[in-house]
Amino acid sequence: MVIIMITDKDKQWIEETVEKIKEKMAWVSEKSRDKIPYTTVNGTHDTYNDSDKSYRMSEGLNWWTNGFWGGMLWLMYQETGEEKYAEYARISEKRLDQCFADFYGIHHDAGFMWLLTAVADYRLTKNPEAKKRGLYAANLLAGRFNSVGKFIRAWNDWGNGEDNTGWAIIDCMMNIPLLYWASDETKDPRFSHIALMHADTAMAHFIRPDGSCEHIVEFDSKTGEKVRTHGGQGYENGSSWTRGQAWALYGFTLSYIHMKKEEYLNAAKRVAHYFIANIPESGLIPIDFRQPGEDAWEDSCAAAIAACGLIEIAKAVGKYEKDLYLSAALKMLKALTEKRSDWTKDCDCIIQNCSEAYHTNKHMNIIYGDYFFMEAIYKLKGNDILLW
Ligand code: GLY
């Protein structure tokens, strides 16, 4: 564990925030123990609304965010040592077994889903059943690799005639740590070979010269040639979807942490510099850094994810550089605690103003806003466990 240097005033703010998280999670975990929450409806946790197919990505239990609630409970287990959090976390871990049985709904998001549930369980308790689930998920993710284009395919066939066999997305940088874990566990480098090749492709084709990133890159799945980019969840093609920038920032940092390849840290820093240069005075992050000037749509999730990545970069760099990354992370996290947190019993989620995408549902609660906020605060406290 690397302790980061912060001021006494910041330490007090972190301690107070940790206490607020503990208080909130104590009652929310009881209330939502049998759910796998995605958002809230009238303040109450609700699962992913199956009828909304706007993303055409996946549905039902296969929804890509279904690991985050388990992840929050494992973070609480790590923080408090209370057995009830492990018990509740295993409820969603076991429910996700249905996805293995159904098979067709599993996309590249196997990392998001099983790193924070089964693999977290295994990391923290050495549960052998959990290890098996993690390895199964890793094999499914590895099976999505296109060896000609050297990328992991994002989504399955949407059934609408559109050929997405060559689509890769920046979010996948957060899924490939499942492959690093599988190689560590099995002592078989096949998994990390795939992860490294995907990361190299992402570094070459997703990060633009100014440090901003593409969301979706389409390759020819037969020849591996890059065909075009798509705007995805951002404002438009060529714009700068902040959550995508955050996935890149944190994702390349994670590849560096696991594989110690300096190029990945440099890639993460390049994205971080662009991100930091664009943080508004308020510390609140827009959905897209290139959305129209007059519009104030925010995505608090992007702030929390980027903060996690920035804190990890701060741990990895020399003493003269640390402050750049750490102060940006603190600015965003303080903006979230001061302006976008709900600690009351009126809402099951903490973080407000999360947005699915620029052109779909905005300013709502989304479970991974809470997950990454908690992860960032525990990182600052120094009691974190890297679940990625
Ligand atoms: N991974 C999909 C998203 O960030 O919305």
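Calculation notes
- Residues numbered from 1 in each chain as written.
- Predicted model: local features only at pLDDT ≥ 70, side-chain atom pairs only at ≥ 80, totals over all residues.
- Heavy atoms only, no water.
- UniProt positions renumbered as here; feature names shortened; annotations may be inferred.
- Helix = DSSP H or I, 4+ residues; strand = E, 2+ residues; numbered from the N terminus.
- Buried < 20%, exposed > 50% of the residue type's maximum accessible area, 1.4 Å probe, protein only.
- Pairing = 2+ DSSP bridges.
- Salt bridge = Lys/Arg side-chain N within 4 Å of Asp/Glu carboxyl O.

Named according to an unreviewed UniProt entry, the protein is Unsaturated chondroitin disaccharide hydrolase originating from Anaerocolumna xylanovorans DSM 12503. Of the comments in the UniProt record for the protein, the one headed Sequence similarities (unreviewed entry) reads "Belongs to the glycosyl hydrolase 88 family."

Our next topic: unusual backbone geometry. You will see that Asn42, though not glycine, has its phi angle at about 50°, which is positive. For Asn42, the position within the fold is in the loop between β1 (39-41) and β2 (44-46). Backbone geometry places Lys187, a non-glycine residue, at a positive phi of 60°. Tracing the sequence through the fold places Lys187 in the loop between α7 (177-186) and α8 (190-205). Look at Lys187 and you get exposed, because its relative accessible area is 70%.

Along strand β6 (residues 216-219), one buried face is formed by Ile216 and Glu218 and the opposite face, lined by Val217 and Phe219, is buried too. Of the pairings in the sheet, the one linking strand β5 (residues 167-169) to β6 comprises three bridges and is antiparallel in character. Note on β6: the bridge partner recorded for Ile169 is Ile216. When β6 meets strand β7 (residues 226-230), the two strands line up antiparallel, connected through four bridges. Following the sheet pairing, Ile216 is matched in β7 by His230. Here β6 hands over to β7 after six residues, with Gly224 in that stretch at a positive phi of 85°.

Bringing the pattern of salt bridges into the picture now. Summed over the entire model, instances satisfying the criterion amount to 26 salt bridges. A salt bridge links Lys261 to Asp200; the nearest nitrogen and oxygen atoms lie 3.3 Å apart. Taken together, the residues span a long stretch of sequence, with Lys261 in the loop between α9 (242-259) and α10 (262-278) and Asp200 in helix α8 at a distance of 61 residues. Its relative accessible area of 30% is what places Asp200 among the partly exposed residues.

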